[in-house]
Amino acid sequence: MQRSFVVDVERLRSEFRSLYNSDPQVFSAPGRVNLIGEHTDYNEGFVLPMAIERRTYVAGAPSGNSKVRVRSLTLGESFQFDLERPGPKKRGSWLDYVEGTARGLMDRGIPVVGTDLLINSNVPTGAGVSASAALELAVGIALGVLGGTAEPDRIKLALAGQAAEHQYVGTMCGIMDQYIAALGHQDSALLIDCRTLETKSVPIKLADVSILICDTRVKHELSSSEYNLRRAECLRGSNILAKSLPKVRTLRDVSVADFERLATQLPGVVRSRCRHVVTENARTLAAVDALSAGNLTAMGKLMSQSHISLRDDYQVSCEELDVAVDVAAAEAGVYGSRMTGGGFGGCTVTLLQNDAIDRVSHAVKGAFAARGWKEPEFFASTACEGARIE
Ligand code: GLA
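Now for a look at the structure at hand.

Here is what the cut-offs are and how they apply
- Residues numbered from 1 in each chain as written.
- Predicted model: local features only at pLDDT ≥ 70, side-chain atom pairs only at ≥ 80, totals over all residues.
- Heavy atoms only, no water.
- Buried < 20%, exposed > 50% of the residue type's maximum accessible area, 1.4 Å probe, protein only.
- Helix = DSSP H or I, 4+ residues; strand = E, 2+ residues; numbered from the N terminus.
- Axes fitted to C-alpha atoms, helices over the stretch in contact; angles between N-to-C directions.
- Left-handed = near helix turned anticlockwise from the far one by under 90°.
- Contact = heavy atoms within 4.5 Å.
- Nonpolar A, V, L, I, M, F, W, Y, C, P; charged D, E, K, R; others polar.
- Near = heavy atom within 4 Å.
- Polar contact = N/O pair within 3.5 Å; in protein donor to acceptor, adjacent residues only side chain to side chain.
- 1 Å grid on protein atoms, 1.4 Å probe; cavity = no way out; pocket = protein on both sides within 12 Å on 5 of 7 lines; lining within 4 Å.
- Sits in = over half its atoms within 2 Å of the grid points.
- Pairing = 2+ DSSP bridges.
- Points joined across faces, edges and corners; volume = space filled by probe spheres on them.
- Salt bridge = Lys/Arg side-chain N within 4 Å of Asp/Glu carboxyl O.
- Phe/Tyr/Trp six-rings, centres within 6.5 Å; stacked < 30°, edge-to-face > 60°.
- Lys NZ or Arg CZ within 6 Å of the ring centre and 35° of its normal.

Our next topic: unusual backbone geometry. Here H39, not a glycine, exhibits a phi torsion of approximately 60°, which is positive. Classification of H39 by relative accessible area gives buried; the value is 5%. Here the phi dihedral of S130 falls at roughly 60°; this positive angle occurs in a residue that is not glycine. For S130, the position within the fold is in the loop between β5 (115–121) and α3 (131–146).

A word on the packing of helix α4 (residues 154–169) against helix α5 (residues 176–183). The geometry of α4 relative to α5 is characterised by a closest axis approach of 8 Å and an angle of 145° between their N-to-C directions. In the crossing of α4 with α5, the sense of the turn from one axis to the other is right-handed. Where α4 approaches α5, its residues R154, I155, A158, G161, Q162 and E165 are matched on the opposing element by Q178, Y179, A182 and L183. Residues that form the contact of α4 with α5 fall into these classes: five nonpolar, three polar and two charged.

Take the site of the ligand next. The immediate surroundings of the ligand are formed by R32, E38, H39, D41, Y42, C173, G174, M176, D177, Y227, G341 and G342. Take D41: an N or O atom from its side chain is 2.5 Å from an oxygen atom of the ligand. Contact between the ligand and Y227: an oxygen atom at 2.6 Å from a side-chain N or O atom of the residue. Here the ligand occupies the largest pocket. Residues belonging to the shell around the ligand are distributed by class as follows: four nonpolar, four polar and four charged.

Here the focus is the side chain of N120. Within the secondary structure, N120 is located in strand β5. Excluding anything up to four places from it in sequence, N120 contacts F5, V7, L12, R55, T56, Y57, L73 and T74.

With seven of seven residues buried, β5 is to be regarded as a mostly interior element. Taking every second residue as pointing to the same face, both faces of β5 are buried, with T115, L117, I119 and S121 on one and D116, L118 and N120 on the other. As judged from the seven bridges shared by strand β2 (residues 46–62) and β5, these two strands associate in the antiparallel manner. Paired with P62 across the two strands is T115, which belongs to β5. Pairing between strand β3 (residues 67–72) and β5: five bridges, direction parallel. Following the sheet pairing, V68 is matched in β5 by T115.

Here the largest pocket defines a volume of roughly 1,100 Å³. If you go around the largest pocket, you meet 43 residues; those closest to its centre are Y97, G126, S130, A131 and S132. Among the secondary structure elements, those contributing two or more residues to the lining of the largest pocket are β2, β5, α3, α4, α5 and α6 (223–244). Residues that form the lining of the largest pocket fall into these classes: 16 nonpolar, 20 polar and seven charged. Empty space within the second largest pocket amounts to approximately 150 Å³. Looking at the second largest pocket, the residues that line it are M50, D187, I204, K205, L206, V209, S210, I211, A380, S381, T382 and A383. Looking at which element gives the most residues to the lining of the second largest pocket, the answer is strand β8 (residues 209–219), with three residues. In terms of residue class, the lining of the second largest pocket is made up of seven nonpolar, three polar and two charged.

The next point concerns the pattern of salt bridges. Tallied over the entire structure, the rule returns 24 salt bridges. For R230, the salt bridge identified is with E233, shortest N-O distance 4.0 Å. Pair noted here: R230 and E233 are both in helix α6, with a separation of three residues, about one helical turn. Since its relative accessible area comes to 13%, E233 is described here as buried. Salt bridges linked by common partners bring E38, E280, R283 and R338 together as one network.

Applying the stated criterion across every chain, the model contains four aromatic pairs. Geometrically, the ring pair formed by F79 and W94 is edge-to-face, given 5.2 Å between the ring centres and 65° between the ring planes. With F79 in strand β4 (residues 77–82) and W94 in the loop between β4 and α2 (95–107), this pair connects stretches of sequence that are 15 residues apart. Taking the relative accessible area as the measure of exposure, W94 reaches 10% and is therefore buried. Plain terms: the ring middles of F368 and W373 are 4.9 Å apart, the flat faces sit at 85° to each other, and that makes the pair edge-to-face. Note on W373: relative accessible area 22%, which makes it partly exposed. One Lys or Arg, R54, reaches over the ring of F379 and ends 4.1 Å from the middle of that ring. The side chain of R230 reaches across the aromatic face of Y314, ending 5.9 Å from its centre.

Listed below in structure tokens is the structure:
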């Protein structure tokens with residue numbers, strides 16, 4: 001995976017001092033990988049992501065005026081905006097994430113003051129590990145604390161990040177990415193109920209076993225238009241099902257048995273989309289039981305079923321993801337593998353024995369080379385902590 005350097009926090013502090021002439025505090029937030037529960041968050045269902053070892057770091061100090069000045073070392077770019085004069089939305093630059101998060105905090109009653117910020121990150125962008133939520137949460141915790149709230153409410157931080165996506169960036173994402181970046185715990189995945197926003201930690205400290213992320217290094221253009229189309233198809237499905245089942249507000253309220261009974265009421269494509277969401281919710285809850293019982297064989301099987309459902313019913317996979325998953329799954333020592341995140345490129349996640357890591361990386365790289373594709377990148381990660389003060 002790209003950007004595999006370690007961010008040197010002391011160096012970030014000293015670069016901040018030379019740039020802005022004051023002493024900063026440093027904050028950070030992680031990228032994420034979703035173990036299971038894909039395209040369920042905007043249907044108020046269940047997801048099971050974990051925060052990964054890649055983080056975005058933000059050094060910051062109040063500036064004494066109403067301006068937020070921000071520089072990214074990763075991109076070598078600087079911007080500023082004035083808290084007293086809201087800037088345009090959807091500029092198409094990373095400033096949308098920063099200003100959108102600042103506005104999201106203020107809208108939720110978390111004061112924000114003029115601040116200087118310096119950002120560095122080793123979360124790869126465009127790779128499907130949610131570099132955007134890492135940026136929103138790192139900026140969010142920085143602006144919250146520096147604005148005078150010693151411990152900003154984590155849920156408000158996550159919602160402010162999601163509001164930045166919806167209002168400033170123009171991506172109608174669910175809550176999963178911001179939530180895990182805000183609330184992740186060391187050595188645990190997080191079951192999120194995307195209706196109630198309640199969470200449950202699911203320990204995932206695995207002695208001889210790893211979570212291996214494979215970045216296919218492709219991102220197909222379709223991803224955001226198809227994402228919005230899937231949301232609309234799900235809504236259409238739940239509206240149709242609600243006519244027979246008044247309890248249905250979203251697909252979250254449809255059990256597998258309800259779906260099987262009523263599936264013929266749904267037009268073909270909508271039926272497939274709904275089948276994915278309904279069965280994925282059931283798989284996610286089953287995955288929590290499997291992980292809690294230490295049953296990795298069952299967990300792996302659920303991951304593989306999730307991939308098939310995303311590929312065939314939800315149709316958000318692509319050739320590169322399918323090859324990465326199929327080649328990994330065929331190796332000894334692999335429990336399960338699936339695409340992770342929105343799809344149409346990005347990453348796969350594989351649950352495997354430690355001694356299978358090299359075998360799997362080698363086999364997938366070989367399969368990509370044979371097809372003339374870019375070399376994929378691999379990265380094993382433990383489950384990490386969410387946004388924090390360094
Ligand atoms: C993207 C979105 C998330 C979620 C996933 C699919 O990562 O940001 O909210 O919908 O896709 O599970």
